[in-house]
Structure formats: C-alpha cells, structure tokens
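# Structural overview
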Amino acid sequence: MATLSRADVEHVAHLARLGLTDEELQRLEGQLNHILDQYEILSTVPTDHIPPTAQTIELENILRDDVPRPSLPREAVLANAAEHDDQSIVVPAILGGE
Amino acid sequence: MIELTRIHAHHMAARLRRGEVSSRELTEAHLDVAERQNDRLNAWLSIDRERALAEADRADARLRDARAAGAAAVAALHPMLGIPVALKDLVSVEGGQCTAGSLILKGYRAPYDAHITERLRDVGAVILGKTNMDEFAMGSSTEHSAYGPTANPWALDRVPGGSSGGSAAAVAAYHAPVSIGTDTGGSIRQPAALTGIVGLKPTYGRVSRYGIVAFASSLDQIGPFARDVRDAAALLHAIAGRDERDSTSSPQPVPDSLLRLHASEDEAAGALRGKRLGLPREYFVKGMEPGVEERIREAVEALESAGATVEDVSLPHTDYGLATYYIVAPAEASANLARYDGIRFGPRLGEGRDVLGDYLATRGRGFGPEVKRRVMLGTYALSAGYYDAYYLKAQKVRTLIKGDFDALWAEGFDALVAPTSPTVAFRFGDRLEDPVAMYLSDACTLPVNMAGLPGISILAGLSEGLPVGLQLIGAPWSEPRLFELARSFEAVTASADWRSLEPTDLRALDDPSTPTPAERMAAIAVVDR
C-alpha cells in the first residue's frame, strides 16, 4: 500500500480543513505511516466476491409523512453562533477580496 | 447503616417506594460526594445541583402521588424513578453544556434534549451532571479529554479506560449508582472492565442516538453502566426503543423482562443450566496479561460448574478487526466532524478575515491530537484514489467479520465468552506516545461493534489488585438473554471474595493532598500532548 510523504500529509490536512503546525505535520507523517503499515494485513484477505457491509441491521427505506413540523426557535439556534445579527448567522467573507 | 451512595439502584428504588428515603436525600448524598471528590477523580465535567434537586423533588412528588393512589400505581412506577444518573458529556440536555471532551464545543449550550434525556425525564431519573470522556469518544483511556484525564478509583495513577471513563469512574467511586456511556469500539465495555463494574453495549439500533454527538455512525451505540446487572438492565429498559428522529433506531420491542431479572442468587444461577457458550480462541490475543487470562479461564469454570457448556470456537477474521475498525471509524468520523467549523456553534478561533482561514484555525486549534489523527486517517482513506484500497476493502472485510459471528449463531450458541480487555488498567502516559498500542486496548471489543452485536462486561476478579472484565457477546437483540447470563455469573460468583471489594483508592479521594489527575499527567513527559 501507499506511503505518505510530507506533501501528502499537507494535502490531506487541507482536505480536512485542519490548520496544522510544522511540528504536528512532522509527527503525523510518522504516526500515519505507522498506522497505514497496520492496514497492510488487509491486503492478505481475499475479498473479490464479498459485498461490502455499510450497516448491520436489516432496516431499509425508513419513511415518514412529509408534513411540516416545528423546528428549533431562531433565538435558540443563534445563541450558539460565534457571530449573529439577531436574524442570521454572520460569516466571514467567502469570496476573496474586499 | 450503609451509606445511601453504596447501595444498588434497585435497593434505592425499593426504599423510595416504601417512603423510607426521598429522591432528594439520595440526590444530595451523591452530589455531596461527587462535589467533594471530583478534584482528585475528575470524573465530572459539570455538576448541576440546582437542576438535579428540582428533578428529585418532582420524582418525590410522583412517588407521593403513586403511594396515595395505591399499590397498583406504585408497582407501575419505573425502577429508575428518583434514581440519580450521570450522563457522558456528549448527551444533549437542553440548556446544558455538551463538550464531547473537546475545546471545539466549549461554551456550546444544547438547544434541545437528546432522545434518551427525554426518556430519562419520562421515567423520572435525576440527572446529576455530565462526565468526562476522550475527545469525541476517540480513545481508550480518557487521557484524550481536553479537560484533563479521569483517574481510576482502584489506582489513582491509572486510567479508568475510555472513552466513557468519567461515567465508569463515577459509578465505581459511588458518585452515581448508574450512568450512560457510548460505545463505538469498546468505549463502554472496556472502562467497565477497568473499573470493575457492569457495562453494556446494546445491539446497533437498540437506542436512538438523536441528540448524541456522533463519532462513527455505523458503529455508535448508547448504553448503561451500573454496579450490578439488574441496575444496568433497568437503565437500558428506560432508554431503549424506536424513535423516528433516528432512522437507524429499531422497532424491535423492548421486553419488560429486563425489569424482572432474578433477585435471588439461587434462581439467577439456574439460568446457566443447559446454555451453550462459545469461547473464541482468537480473543486470547498476543499481549494479553497472564492474570487476565487466568481470571477468564476461572470464569469459564464457574460458568461450567453452573451447568453451561463452554466450547472452543473460532472467529477466524478477528485478526483483521483492528485494521478494519481503524479505517471505517475514522472515515465516518472525518465526515461527522466536518460540521465543527466555528460558525454555527462552538468558538471561532480564527481572525474572521476569510472563511477558509477561520476553518483551518478553528479546527487546527479546537481539535486535540487524537481527533486530528483520526480525521487525517479518515480523510485519507476516503480520498480520491484510495477509497477502494482502504474504505471499500475494510467494508468487505467487515462482512467477513460479521459472517464469523453469524455462523456461530446459526450453530445455536447462546452467547460467546471472552475477555473484555487484554490488560488491566494501565498507568497514565503508558500508551499516549504510541497510538497503535492504545488502539490494541480495544482488540477484544471492536469486532462486536463491526458486527452490530450486543456485548456486556462484568467483573470477573482481580489481577495485581486491579479489576478484570468478562465479556459476554450475543446475537442481535439478545440483550435480555445476555443480562440473564451475566446475572447468573454474578450469582454463581456471589461468594467470591473479590465480589464484595471496594475500589482500593476511594479513601485517597477524600484526602486533599492527593494529586489531581492533571497534576499526575503534568509530571509525565509525554510527547503527544
């Protein structure tokens, strides 16, 4: 299986939106490769004709009536936001520039 | 007279019904010891005395009304009415904190009750507070909490297991008779084993997870801790059942037999007669301590002497469990934890200049080292080019692991018997620098999650003065039988000297000169912190 380079670790950190320090990136490079080595054992298991298991109970197609129902009050939701204007959650600029 | 905090919940329930004690008295007794000792134990992240006493008064009113209405009304009361309970700090209680052991949820106040919180209110249980845990339930020692580790009441320089270490330690130290944990790879059973109490991970789908902080959604389940089997069964009865807000919760009936486990040791012991149990040889893993193996072999002898047959069986894909779990669980976690962005809830730890910079800063500073490691692993396993090699492969091996168990149920086994943890409680810092060593703590528990099965851990004796847990694993929805078997084991070992021992270091918890768990950690040079 693959080995992660420092650039790979930085790429995965970006995908995961984790801002990591140089020290963290360096430590993770060693630790993640050590953990990936443990995954190697799986390549010895023949699974060509084995279906994947995503869940273990035989519940399927859970349906409910499509009717409106009350949601949380606006104040209750806004109370946890880092920034709000009593109507909406305020977010930093999403597009670049001013 | 035995202190109010030392008796079982079913004894409390009997005394509440007879009017010999009030829920307020019980609640105050537990709050007093919890508040007095928590600096040295750090089992609790929050204790809400005012709310708890208000709930206790409501329970007392319900008890008075029922007694006035007559014997039938009293008999209809749930055994959890008026009983103090501790919740792992990932269960939503409206208006209360819910940190999941993480800085990224510091200051968050849950805007609604979890389903199980509603159920506990319905039956009249009294919520004392919220307990410590590994951050986002990722860990096997509670050392990965952002709020400092929890100590083990049996040896204050050792871990209580994890991730539900606070809930386990609180029950073991008599701060609460019962508590709630969650179990994704062993997070109820392993701390139950390491603190010498009972802990059950129910069948996947048995308990609604609405209002619980999610870790790995195809594995997570909620379950009870208690100091005896009957109390654990009664607490499961209170929280189990279908809830349409969690579409994975099952309509399987929750039998009232959970409330009728035998009280007498003789009757309880009889349940083992003729039962067919399997002993999976792969669970005696490399690195298992000899003292743990001895206690498990003795437990097998006790089960046999009570009339059960115990056969050597094989779960041939067990060795692949660890690798499979450490792909599936981090992959699901990386998706579940994408929601922590510092915008809708939790502190925003960036400069507020651009949204990407804020994401990176909030998540980089808000998550601890183990959570970052798992999010990285999961993101990698799901990323373009690696999905088939890791995630899909792991899901296929998961099919084989589940198939191993299915084959044994098809052969007619009533349950499997195994160690819960390969070792007794380890010292603070011992496994922090090597993530793989920490992951091995769950080698005997995580296959059960992979297969969605119920498993229970119960005290089976001591090794080097520390508790050893026996694990019983059952077919889907077999919790009533698992509890019956565990109750039988409790009964046939009732006269063993270790059954009546109290945790060794309880007295040190009352000594102000005892170091706090954080002080103990600070004295250890650990690279990962």
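Everything quoted here is computed from the prediction, not taken from an experiment. (Residues numbered from 1 in each chain as written. Chains lettered and ligands numbered in written order. Predicted model: local features only at pLDDT ≥ 70, side-chain atom pairs only at ≥ 80, totals over all residues.)

## Here's the deal with the nonpolar core
Residues and elements named next belong to chain B.
- Grouped together as the largest cluster of nonpolar side chains are 178 residues, with contacts concentrated most on Ile83, Val85 and Ile327.
- The element best represented in this core is helix H11 (residues 321–336), accounting for nine residues.
- When we break this core down by domain, the ones giving at least three residues each are domain 1 (4–67 + 79–258 + 275–320 + 397–522) and domain 2 (321–395).
- Every residue in contact with Val85, bar those within four places of it in the chain, is listed here: Leu120, Ala125, Val126, Ile127, Leu128, Ala176, Val178, Ser179 and Ile180. (Core = buried A, V, L, I, M, F, W, Y, C linked by C-beta atoms within 7 Å. Buried ≥ 20, exposed ≤ 12 C-beta atoms within 10 Å, placed from the backbone. Helix = DSSP H or I, 4+ residues; strand = E, 2+ residues; numbered from the N terminus. Domains from an automatic or database assignment. Contact = placed C-beta atoms within 7 Å.)

## Remarks on the pairing of strand E7 (residues 276–280) of chain B
Residue and element names in this part refer to chain B.
- Sheet analysis places E7 next to strand E8 (residues 309–313), joined by five bridges and oriented parallel. For Arg276, the partnering residue across the bridge sits in E8 and is Thr309.
- The β-α-β motif built from E7, the intervening helix H10 (residues 290–305) and the parallel element E8 has right-handed crossover chirality.
- Pairing between E7 and strand E9 (residues 415–419): two bridges, direction parallel. Looking at E9, one finds that Leu277 is bridged to Ala415. (Pairing = 2+ DSSP bridges. Right-handed = clockwise from strand over helix to strand, strands pointing away.)

## Some details on the interface of chain B and chain A
- Between chain B and chain A, the residue contacts involve 60 residues of the former and 44 residues of the latter.
- Elements represented by at least two residues in the side of chain B that touches chain A include exactly H11, helix H12 (355–366), helix H13 (369–382), helix H14 (388–410) and helix H15 (435–439) of chain B.
- Grouping the amino acids of the side of chain B that touches chain A by side-chain chemistry returns 30 nonpolar, 15 polar and 15 charged. (Nonpolar A, V, L, I, M, F, W, Y, C, P; charged D, E, K, R; others polar.)

## What to know about the domain arrangement of chain B
Residues and elements named next belong to chain B.
- For chain B, the assigned domains read domain 1 (4–67 + 79–258 + 275–320 + 397–522) and domain 2 (321–395).
- Counting residues at the interface gives 32 residues for domain 1, matched by 26 residues for domain 2.
- Mapped onto the side of domain 1 that touches domain 2, the elements with two or more residues apiece are H14, H15 and helix H16 (446–450).
- Residue classes in the side of domain 1 that touches domain 2 are distributed as 20 nonpolar, nine polar and three charged.

## Things to note about helix H2 (residues 22–39) of chain A
- The terminal C-alpha atoms of H2 of chain A lie 26 Å apart, and with 18 residues this matches the ideal 26 Å at 1.5 Å per residue to within 8%.
- The complete set of buried residues in H2 of chain A reads Leu28, Gln31, Leu32, Ile35, Leu36 and Tyr39 of chain A.
- Each element contacted by the buried residues of H2 of chain A is listed here: helix H1 (6–15) of chain A together with H11, H13, H14 and H15 of chain B. (Expected span 1.5 Å × (residues − 1).)

## Focus: the confidence of the model for chain A
- Here chain A averages 91 in pLDDT, and 95% of its residues register 70 or above.
- Across chain A, element-level confidence peaks in H1 of chain A with a mean pLDDT of 97 and bottoms out in helix H3 (residues 74–78) of chain A with 93. (pLDDT = per-residue confidence, 0-100.)

## Considerations on the environment of Val313 of chain B
All names here are of chain B.
- Along the chain, the position of Val313 falls in strand E8.
- Sequence-wise, Val313 and Gly465 are 152 residues apart; in three dimensions their C-alpha atoms are separated by 30 Å.
- Excluding residues that lie within four positions of it along the chain, Val313 makes contacts with Gly278, Leu279, Pro280 and Leu408.

## Notes on the pairing of strand E3 (residues 126–131) of chain B
Residues and elements named next belong to chain B.
- Among the six residues of E3, six are classified as buried, and the element is accordingly described as predominantly covered.
- Relative to E3, strand E2 (residues 84–88) runs parallel, the two being bridged by five bridges. By the bridge assignment for E3, Leu87 is matched with Lys130.
- Note on the crossover from E2 through helix H5 (residues 115–123) to E3: the handedness is right-handed.

## Observations regarding the sheet that holds strand E6 (residues 221–226) of chain B
All names here are of chain B.
- Strand order in the open sheet formed by eleven strands is E1-E3-E2-E4-E6-E5-E10-E11-E9-E7-E8, and the pairing between neighbours is mixed. The outermost strands of the open sheet, each flanked by one partner alone, are strand E1 (44–47) and E8. Ignoring strand direction, the axes of neighbouring strands in this sheet form an average angle of 30°.
- Bridge count between E2 and strand E4 (residues 178–183): three bridges; the pairing is parallel. (Axes fitted to C-alpha atoms, helices over the stretch in contact; angles between N-to-C directions.)

## Re unusual backbone geometry
- Between Gly162 of chain B and Ser163 of chain B the backbone carries a cis peptide bond, its omega angle lying at 10°.
- Tracing the backbone through its elements, the reader meets Ser163 of chain B in the loop between E3 and helix H6 (165–172).
- The phi dihedral of Asn61 of chain A falls on the positive side, at around 45°, and the residue is not glycine.
- Mapped onto the elements, Asn61 of chain A comes out in the loop between H2 and H3.
- Within the chain, Glu464 of chain B stands out as a residue other than glycine whose phi angle is a positive 55°.
- Residue position: Glu464 of chain B is located in the loop between strand E10 (455–463) and strand E11 (466–473).
- Among the residues examined, Glu464 of chain B registers 11 C-beta atoms within 10 Å and is labelled exposed.

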